[in-house]
There are 2 protein chains.
Amino acid sequence: MERNPPPRVGLAAVAREAGVSTATVSNTLNRPEIVAAATRARVLSVIERLDFVPNTTAASLRTGTNRLIGLVVPDITNPFYSEIAKGVAAAADEQRLGVILCNSQDDPVRELSQLEMLAEQRAAGALVVPITADAKRLARLRSLGTHLVLIDREADDGCSTSIDDVAGGRLAAQHLLSTRGDDFVLVNGSHAIPQCIDRRSGARAALSAAGLEPDDLVEYEVTEMTTEAGVGVARLLLTAAEAGAPLPSGVLCTNDQLAIGIIRGLTQHGVSVPEQVAVVGYGDLAIAADAPIPLTTVEQPKYALGHAAVEMLVAEIRGEQSGHRHSTSVFRPSLVVRDSAP
Amino acid sequence: MERNPPPRVGLAAVAREAGVSTATVSNTLNRPEIVAAATRARVLSVIERLDFVPNTTAASLRTGTNRLIGLVVPDITNPFYSEIAKGVAAAADEQRLGVILCNSQDDPVRELSQLEMLAEQRAAGALVVPITADAKRLARLRSLGTHLVLIDREADDGCSTSIDDVAGGRLAAQHLLSTRGDDFVLVNGSHAIPQCIDRRSGARAALSAAGLEPDDLVEYEVTEMTTEAGVGVARLLLTAAEAGAPLPSGVLCTNDQLAIGIIRGLTQHGVSVPEQVAVVGYGDLAIAADAPIPLTTVEQPKYALGHAAVEMLVAEIRGEQSGHRHSTSVFRPSLVVRDSAP
C-alpha cells in the first residue's frame, strides 16, 4: 500500500534549531536518561515547535524492531479478554508502544499466521492469552524469534502473568463452607482447561483443610461454560430433588455465566436464591454485578494482568543484552460477596 | 528497544532458488496479479520451503507506510466496540494487515496522542469510532496525514461506515405502534450523541407516518445509558402510576442496558413484562438474548461495520494515486422480536 507521506521535519532540522548534534536528538527520544536535563528540555521544545514526528520505521530498520507489540486473544468480544486488552492498551500508551490486536478465535492456524504477521512487522514481542494448554503450539510461536509473554497461563519457558486459580477456588469453597455447609456441588468446565483444573483443586483443598474428604465433592462438568449450560445443570439438580435427593445448599460455578444460568434455572422453578441454594460464580464480569440477583463471585484482576504483561515484555526486551531471567507475576484473586451467596 | 533478530532468509536467496529476479519475488508478494500464475506458484513454494519472512519494515521505508492500520475505539470492554473490533480483526487477517488497537477512553488528548503514535509507525490509515460529534477534533486527526475512515458516524469529509439509526428508531416504534398502541414512551441518552438524536427522529417519523403528532412522544433523557438509569426511569413510571397516571403500554429504549433496567425495575414491583408493559431495546448485545426476559431489540450489524471499514480504508489507500471518491456504507438495522415485546 502506498501513499504520499506529508512533508516531514527531519532530525537534522531539529538538531540545527536546538544547537545540538543529531545524535543528541536521537538520544533524547530513545535514551532520555543519558541526556542532560536542560539539553533534553531544549530538544523537546524544538520538537514540539517544529511538529517533528520521529520516523520510527527508519529506527526499526536499524534495530530490527518496531515500537510495536502484538496481543493475541481468543475472542475480543469475551469480556474477560477485552478487560485484559484494556489493561494492555493503557500500559502500551504509557510506554508509547503500539498494540497490534490479533483475534485468534482459538484457531492454531490463524494464530500462527498472526504471529508470522507480527514477525513480518518486526514487532518487538507478543502477549498471548492461550486457551488450550498445547505446549507444542506455544513452542512453535516462540520459534518465530518473537519475545513472548503469556497471559493467564504460567509459562514453562518464558515470562507470564497469571491468576492463582487454586487460591480462587479455595476462597469460593471456603465461603460456601463457612456460610452454608459442606454439601455444595461444583459446576465446572472441561478438564482440558488448566484454569478449571486449578479452581477445582482449590475447592478440594478447602474441603481437606476443613477435615473433609475432597473425593466427596460432587462435580458437574459441562462442555460449554454458558448460561444455557448452567440452566441445564439446574434442571439436573431439580430432577434429582424430585426423585428425593436433597438440593445442595450451595453451588460453586467456575465462571459467572454458569452461575447466572444456575440461578435462572432454579428461580424459574420456584427455588429461592440464596435462601434455599446459595450460588457463587467466578470472574466478576460486568454481568455479575448487573444480574437480577447480584452474584457473589471471585474477582480476577484482569486489567492488572494485561498491564503487568506489557511491563514484563518491555523488561524482557530491554534486558536481553544485559541478561534476563524469566519470571511469572501471579495475581491473587479476591472474593466479592453479593446477594446470591451472602 | 533492541533485540537480535533471528537469521533471516533474504529476497535474493528466494529469487536464486526459484530461478527468477528479485523483482519478481517482490511482485509475487506485493502485486501478485501481475505475476504469471505458474511463476507465482513456484516463488510461493520456495518462500514456504525456505521459511522466508518478507521484511516489510524495509518495504515500508520505501513506500512510507506499513501494512498496519489503527483502530481507535472509546472502550474495548463495551460489547458494541468489541464486536466491531472483531470484524476489523477478521478483515485485516484477510488483507494481511496488522491492526493497532487504541483504546481512547473517549479522551481527546489521549486520542490525539494515539493518532500521533500511528503516524510515527507510518500506519497506512486509521479507523476511528468517535463518540461525540466534535468535527474539529476529527479534522485535527485528519491533519496528521493519516487516511481516516469513521465507523458508526457519517463523515462529512471522508469515508465512513455507519448504521441507519433513523431507520432503527422507526422499526422499533412501528413495532410498538402495531402491537400495543400509540402511548409508548421513549427512554433516550444525551442529545449530544448523534445516534440518540437519530433513533428519536426515527421514532417520531413512525408516529408521523401513522398520522399521529410526534410532539406527543414522551421522552425520558438519561445522562448515563446504564441498567441503573433504566431502573431509575422505571421508578419514575411507577411513581406516576401511583399518582393515577396510566402506565404506558410500551417503552422504547435507545440501548439494551436501559431496556434491561426498565424490565428489572418494573418486574420487581409486580408489573408484568410484556403483558402490562412491552419493552424494546436497541443494539442486540449478548445481554439481550441472555436476559431473564429475552429482549426485543434492534440488531446492528456491528461485525459488518468493522469488516467493511477495513475494506474501505484499503480501497482509499490503493486508490489514492488513481483518484478516489469518498463514500459512506450505511447498513440497515433489523428488528429482533423476543419475549419482552412479542
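Residues numbered from 1 in each chain as written. Chains lettered and ligands numbered in written order. Predicted model: local features only at pLDDT ≥ 70, side-chain atom pairs only at ≥ 80, totals over all residues. Heavy atoms only, no water.

- The name that an unreviewed UniProt entry assigns to chain A is LacI family DNA-binding transcriptional regulator, with the source organism given as Frondihabitans cladoniiphilus.

1. Here's the deal with the nonpolar core
Thinking step 1. If you look at the biggest cluster of nonpolar residues, it comprises 58 residues, and the most contacted ones within it are Leu71, Leu127 and Ile151 of chain A together with Leu71, Leu127 and Ile151 of chain B.
Thinking step 2. Excluding anything up to four places from it in sequence, Ile151 of chain A contacts Leu71, Ile84, Val88, Leu127, Val128, Val129, Pro130, Thr161, Leu305, Gly306 and Ala309 of chain A.
Thinking step 3. Core analysis: the second largest hydrophobic core is formed by 26 residues, Val72 and Ala126 of chain A together with Leu68 and Val72 of chain B among them. (Core = buried A, V, L, I, M, F, W, Y, C linked by side-chain atoms within 4.5 Å. Buried < 20%, exposed > 50% of the residue type's maximum accessible area, 1.4 Å probe, protein only. Contact = heavy atoms within 4.5 Å.)

2. Brief notes about the environment of Thr179 of chain B
Residues and elements named next belong to chain B.
Thinking step 1. Mapped onto the fold, Thr179 is located in helix H8 (residues 165-179).
Thinking step 2. In sequence terms Thr179 and Gly250 are 71 residues apart; their C-alpha atoms lie 9.3 Å from each other.
Thinking step 3. A polar contact of 2.7 Å, which involves the side chain of Thr179, links it to the backbone oxygen of His175. (Helix = DSSP H or I, 4+ residues; strand = E, 2+ residues; numbered from the N terminus. Polar contact = N/O pair within 3.5 Å; in protein donor to acceptor, adjacent residues only side chain to side chain.)

3. What to know about the packing of helix H10 (residues 227-242) of chain B against helix H11 (residues 256-268) of chain B
All names here are of chain B.
Thinking step 1. Two elements in contact, H10 and H11, have axes whose closest approach is 6 Å; the angle formed by their N-to-C orientations is 45 degrees. For the element pair H10 / H11, the angle class is oblique. Remark: the crossing between H10 and H11 carries right-handed chirality. Every residue of H11 that contacts H10 at Thr227, Ala229, Gly230, Val231, Val233, Ala234 and Leu238 is listed here: Gln257, Leu258, Ile260, Gly261, Ile262, Arg264, Gly265 and Leu266.
Thinking step 2. Here the residues of the contact of H10 with H11 sort into 9 nonpolar, 5 polar and 1 charged. (Axes fitted to C-alpha atoms, helices over the stretch in contact; angles between N-to-C directions. Parallel < 35°, antiparallel > 145°, perpendicular 65-115°, else oblique. Left-handed = near helix turned anticlockwise from the far one by under 90°. Nonpolar A, V, L, I, M, F, W, Y, C, P; charged D, E, K, R; others polar.)

4. What about unusual backbone geometry?
Thinking step 1. Of note, the amide linkage connecting Val273 of chain A to Pro274 of chain A takes the cis form, showing an omega dihedral of 10 degrees.
Thinking step 2. Among the structural elements, Pro274 of chain A can be located in the loop between helix H11 (256-268) and strand S9 (278-280).
Thinking step 3. In the Ramachandran plot, Asp284 of chain A falls in the positive-phi region, its phi being about 50 degrees despite a non-glycine side chain.
Thinking step 4. Mapped onto the secondary structure, Asp284 of chain A falls in the loop between S9 and helix H12 (286-289).
Thinking step 5. Since its relative accessible area comes to 18%, Asp284 of chain A is described here as buried.
Thinking step 6. The backbone phi angle of Arg96 of chain B is positive, close to 55 degrees, even though this residue is not glycine.
Thinking step 7. With respect to the helices and strands, the residue Arg96 of chain B is situated in the loop between helix H5 (79-95) and strand S2 (98-103).
Thinking step 8. Residue Arg96 of chain B is classed as partly exposed on the basis of its relative accessible area of 31%.

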